[in-house]
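# Observations on the model geometry
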Amino acid sequence: MDGKVAVISGAARGQGRAHAIKLAAEGADIVAFDICDEFGYTRAPAATFEELTTTGDEVRALGRRCITERCDARDLAALTGLAETVAAEFGRVDALVVNHGIWTVDRNSWDLPEASWQESIDVLLTGAWKVAKAFVPYMIRSGNGGSIVFTSSVNAVVPQPSAVAYCAAKGGLQMLMKVLAHELGPYDIRVNTVNPGRVDTAILEGGNIEASMEYHPYVFGEGPRTLLGGDPRRSPEVIADAVAWMVSDEAKYVTGALIPVDSGRMIW
Ligand SMILES: NC(=O)c1ccc[n+]([C@@H]2O[C@H](COP(=O)([O-])OP(=O)(O)OC[C@H]3O[C@@H](n4cnc5c(N)ncnc54)[C@H](O)[C@@H]3O)[C@@H](O)[C@H]2O)c1
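Residues numbered from 1 in each chain as written. Predicted model: local features only at pLDDT ≥ 70, side-chain atom pairs only at ≥ 80, totals over all residues. Heavy atoms only, no water.

Put simply, the test is: UniProt positions are given in the numbering used here, feature names are shortened, and annotations may be inferred rather than shown by experiment.
Per an unreviewed UniProt entry, the chain goes by Mycofactocin-coupled SDR family oxidoreductase and derives from Rhodococcus pseudokoreensis. Among the UniProt annotations of the chain, the heading Sequence similarities (unreviewed entry) holds the following wording: "Belongs to the short-chain dehydrogenases/reductases (SDR) family."

Here's what the structure looks like:
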């Protein structure tokens, strides 16, 4: 990744921070952005600006440049402004990792408040499209090809009762990825999804797991249901390893693909 630039959404903590550090270690300069704010219908604690600053510090400690910015993936004007800043300061975008996300758990699909459905779809699906809409023109203009990775989920394929908006949005990301892969092939820009199983990050905190157990114990109460042993919560770094390969030249003919990093959960 020497001389390349990677843009990462949701980079204050968790997988986004792991992507920033891994890609910086591989030589990339980093653009790390995050909303660093509360949501209306989530249980997990909000990411903080201090956490985003720490991501930037850790990238710079590896000798790479880093732009950190508080930016909401739902705000197209802010994203476009950030893309202009990146173009002015770094002059290119090679890798776009659309990683930001939220996860809400409710009793069922019909008791889910309308505004909660809308919030999840706005963040997870429309927000992902907006990030692509803001940065793809700069990737094309750079003329160097490139790679986009959308962070999807096992839940794009395996349903989770209690999380209809999350599952629908992650399922929608799969088709967003495929359409963009078609459209961007002529520009040598590859588009894929990484589909994590359970990852040990703050998105699981605040009572989400407990609520899932309470509402649908047959889904969460029957063990990890993975093919590889140990705690099914893998570290964010194992997802970052996969993403680093996906955006590298070693994956130069991989496009339009769903890449599970789920210990086999999807075929359990
Ligand atoms: N942790 C898991 O078990 C798991 C499993 C499968 C998929 N995922 C997906 O992985 C991705 C990363 O999540 P994580 O596990 O690192 O959780 P996390 O909560 O630690 O990180 C998500 C980050 O995204 C940011 N974010 C959310 N909405 C945003 C917005 N509108 N604009 C900008 N930033 C926003 C949050 O502030 C947070 O810092 C998400 O897309 C999530 O759905 C997570």
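### Quick look at the confidence of the model for the chain
Threshold: Residue-level confidence of the predictor is what pLDDT reports, using numbers from 0 through 100. In DSSP terms, a helix is any run of H or I states spanning at least four residues, a strand is any run of E spanning at least two, and both are numbered starting from the N terminus.
Averaged over every residue, the pLDDT of the chain is 97; the share at 70 or more is 100%. Looking at the elements of the chain, mean pLDDT is at its lowest for helix 7 (residues 217-220), recorded as 84, and at its highest for strand 5 (residues 146-151), recorded as 99.

### Here we look at the site of the ligand
Where we set the bar: When we say a residue is near a molecule or strand, we mean one of its heavy atoms is within 4 Å of it. Each polar contact in these results corresponds to two N or O atoms within 3.5 Å; when the atoms are within protein, one needs to be able to donate a hydrogen and the other to accept it, and residues that are neighboring in sequence are counted only if both atoms are side-chain atoms. Here, Shrake-Rupley sampling with a 1.4 Å probe gives the accessible areas, and only protein chains in the shown set may cover a residue.
The environment of the ligand is formed by 28 residues, the closest being Asp34, Asn99, Tyr166, Val199 and Thr201. Take Arg13: an N or O atom from its side chain is 2.9 Å from an oxygen atom of the ligand. Within the side chain of Asp34, an N or O atom sits 2.6 Å from an oxygen atom of the ligand. Contact with the protein chains hides 97% of the accessible area of the ligand, taken as 830 Å² for the molecule alone.

### Concerning the pattern of salt bridges
It is possible for side chains of opposite charge to pair when their charged atoms get near one another. Note the following rule: The salt bridge criterion pairs a side-chain nitrogen of Lys or Arg with a carboxyl oxygen of Asp or Glu, the two atoms within 4 Å.
If you walk through the whole model with that rule in mind, you get ten salt bridges. Taking the shortest distance from any N to any O, the salt bridge between Asp57 and Arg60 comes out at 3.5 Å. Note that Asp57 and Arg60 are positioned in helix 2 (residues 49-61) at a spacing of three residues, about one turn of the helix. Several salt bridges converge on common partners, so that one network encompasses Lys22, Glu26 and Asp241.

### Considering unusual backbone geometry
Even without being glycine, Asp188 reaches a positive phi, approximately 60 degrees. Among the structural elements, Asp188 can be located in the loop between helix 5 (164-184) and strand 6 (189-196). In this structure, Arg225 is a non-glycine residue whose phi angle is positive, near 55 degrees. Along the chain, the position of Arg225 falls in the loop between helix 7 and helix 8 (236-247).

### Looking at the sheet that holds strand 1 (residues 5-9)
For the record, the criterion: Strand pairing is assigned whenever DSSP identifies at least 2 bridges connecting the two strands. Think of each axis as a best-fit line through the C-alpha atoms, taken over the contacting stretch in the case of a helix, with angles from 0 to 180 degrees between the N-to-C directions. By definition in these notes, contact holds between two residues if any of their heavy atoms fall within 4.5 Å.
With parallel pairing, the seven strands of this open sheet are ordered in space as 3-2-1-4-5-6-7. Across the chains shown, the open sheet's two edge strands, defined by having one partner strand only, are strand 3 (66-70) and strand 7 (258-261). Each neighbouring strand pair of the sheet contributes to a mean axis angle of 15 degrees, computed without reference to strand direction. Relative to strand 5, strand 4 (residues 95-98) is paired through four bridges, and the arrangement is parallel. Within strand 5, the position partnered with Leu96 by the bridge is Ile148. Strand contacts of helix 2: strand 2 (29-34) and strand 3, with the helix running at about 175 degrees to strand 3, the strand carrying the most contacts.

### A short note on helix 3 (residues 76-89)
What counts is decided by this rule: By this rule the span expected of a helix is its residue count minus one, scaled by 1.5 Å. Working definition: with a 1.4 Å probe on protein chains only, accessible area under 20% of the residue-type maximum means buried, over 50% means exposed, and in between means partly exposed. Arc, as used here, means the arc of the directions from the helix axis to the C-beta atoms.
Relative to the 20 Å expected for 14 residues at 1.5 Å per residue, helix 3 spans 20 Å between its end C-alpha atoms, a close match to the ideal helical length. Buried within helix 3 are the following residues: Leu79, Leu82, Ala83 and Val86. Taken down its axis, helix 3 places every buried residue within 105 degrees of arc, on the same side. Projecting away from the buried face of helix 3 at angles above 90 degrees are the exposed residues Ala77 and Ala88. Residues of helix 3 that are buried in the fold lie against strand 1, strand 2, strand 3 and helix 4 (114-142). Of the residues that open helix 3, the one with a side-chain oxygen 3.3 Å from the backbone nitrogen of Ala77 is Asp75. Gly91, located one to two residues past helix 3, shows a positive phi value of around 75 degrees.

### Re the layout of surface pockets
Which entries qualify depends on this criterion: Each cavity reported here is a set of points on a 1 Å grid over the protein atoms alone in which a 1.4 Å probe fits but cannot get out, each pocket an open set with protein on both sides within 12 Å along at least five of seven lines, and each lining residue one with an atom within 4 Å of a point. Grid points are joined across faces, edges and corners, and a volume is the space filled by probe spheres set on the points. Residue type decides the class: Asp, Glu, Lys and Arg count as charged, Ala, Val, Leu, Ile, Met, Phe, Trp, Tyr, Cys and Pro as nonpolar, and the leftover types, Gly among them, as polar.
Size it by volume and the largest pocket reaches roughly 210 Å³. Taken together, 16 residues make up the lining of the largest pocket; nearest its centre are Asn144, Gly146, Asp188, Arg190 and Asp249. Here the residues of the lining of the largest pocket sort into four nonpolar, five polar and seven charged.

### Observations concerning empty space enclosed by the protein
Over the atoms, a rolled probe matching the size of one water molecule traces out where space is still vacant. Under the definition given, this model contains two cavities of 30 Å³ or more. The volume enclosed by the second largest cavity comes to roughly 50 Å³. The wall of the second largest cavity is formed by Thr104, Asp106, Asn108, Ser109, Leu112, Ser162, Ala163, Val164 and Ala165.

### Some remarks on the packing of helix 1 (residues 14-25) against helix 2
Under the convention used in this document: What sets the label is the angle itself: under 35 degrees gives roughly parallel, over 145 gives roughly antiparallel, 65 to 115 gives roughly perpendicular, and the rest give oblique. Each crossing is labelled by how the near helix is turned from the far one, with a counterclockwise turn of less than a right angle marking it left-handed and a clockwise turn marking it right-handed.
Put simply, helix 1 and helix 2 touch, their axes get as near as 9 Å, and they point 15 degrees apart. Our classification of the angle between helix 1 and helix 2 gives roughly parallel. The chirality of how helix 1 crosses helix 2 is right-handed. Contacts from Arg17, Ala20, Ile21 and Ala24 of helix 1 reach helix 2 at Glu51, Thr54, Thr55, Glu58 and Val59. Its residues assigned to classes, the contact of helix 1 with helix 2 comprises four nonpolar, two polar and three charged.

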